[in-house]
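Descriptive analysis of the structure
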Amino acid sequence: MFTNYPKHYKVIFHNDDFTTMDFVVKVLVEVFYKPESEATAIMLAVHEDGRAVVGIYSYDMAASLTNRGIAMAKAEGYPLRITYEPE
């Protein structure tokens, strides 16, 4: 029997040379509702590996959270790059 489940999307933070580590943690806590310790671990993974998956969400949630994070960064003058892609 074939069941068509909705696709899930990975939200990915990308490293850059301008966005501060503290700001990345702030976005992860305030937009993605990550606990401080998890947000710090994700931020360090982004810093060390160049990118890190923040979470896996439905399309609507991935797009909404990505847009909120980018808008928050833009308002503060940071070029933080956040993308999402099918899992």
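Everything numeric in this text was worked out from a predicted model, so none of it was measured.

As for helix α1 (residues 21-30)
Listing the buried residues of α1 in full gives Phe23, Val24, Val25, Val27 and Leu28. Where α1 is buried, its residues contact β1 (8-14), α2 (36-49), β2 (51-58) and α3 (59-75).

Examining the pattern of salt bridges
Opposite charge on two side chains makes pairing possible when the charged atoms of those side chains draw close. In this structure the tally under the stated criterion is three salt bridges. Ionic pairing is found between lysine 10 and glutamate 85, a salt bridge with its closest N-O pair at 3.4 Å. Of the two residues, lysine 10 sits in strand β1 while glutamate 85 sits in strand β3 (residues 81-86), which places them 75 residues apart along the sequence. For lysine 10, a relative accessible area of 23% puts it in the partly exposed group. Glutamate 85 gets classed as partly exposed once you look at its relative accessible area, which sits at 28%. Linking glutamate 38 and lysine 34 is a salt bridge whose minimum nitrogen-to-oxygen distance equals 3.5 Å. One connected set of salt bridges, linked through shared partners, spans Lys10, Arg51 and Glu85.

Some remarks on the environment of isoleucine 82
Mapped onto the elements of the fold, isoleucine 82 is located in strand β3. Look at isoleucine 82 and you get buried, because its relative accessible area is 4%. Sequence separation of isoleucine 82 and alanine 41 is 41 residues, and the distance between their C-alpha atoms is 17 Å. Residues in contact with isoleucine 82, not counting those within four places in the same chain, are Val11, Ile12, Phe13, His14, Thr66, Gly69 and Ile70.

Observations concerning the sheet that holds β3
Within the open sheet, the three strands sit side by side as β2-β1-β3. Their pairing is antiparallel. Two strands bound the open sheet, and with one partner strand each, they are β2 and β3. Ignoring strand direction, the axes of neighbouring strands in this sheet form an average angle of 25 degrees. Pairing geometry for β1 and β2, over seven bridges, is antiparallel. Residue pairing in the sheet places valine 11 in a bridge with glycine 55 of β2. Here α2 sits on the sheet and contacts β1 and β2; the angle it forms with β2, its principal contact strand, is near 130 degrees.

Topic: the side chain of lysine 34
Considering the arrangement of structural elements, one finds lysine 34 in the loop between α1 and α2. Within the structure, the side chain of lysine 34 is placed 3.1 Å from the backbone oxygen of valine 54, a separation counted as a polar contact. Here lysine 34 is in contact with Leu28, Val29, Ala39, Ile42, Val54 and Tyr57, once residues within four sequence places are set aside.

Cut-off values and rules
- Residues numbered from 1 in each chain as written.
- Predicted model: local features only at pLDDT ≥ 70, side-chain atom pairs only at ≥ 80, totals over all residues.
- Heavy atoms only, no water.
- Buried < 20%, exposed > 50% of the residue type's maximum accessible area, 1.4 Å probe, protein only.
- Helix = DSSP H or I, 4+ residues; strand = E, 2+ residues; numbered from the N terminus.
- Contact = heavy atoms within 4.5 Å.
- Salt bridge = Lys/Arg side-chain N within 4 Å of Asp/Glu carboxyl O.
- Pairing = 2+ DSSP bridges.
- Axes fitted to C-alpha atoms, helices over the stretch in contact; angles between N-to-C directions.
- Polar contact = N/O pair within 3.5 Å; in protein donor to acceptor, adjacent residues only side chain to side chain.

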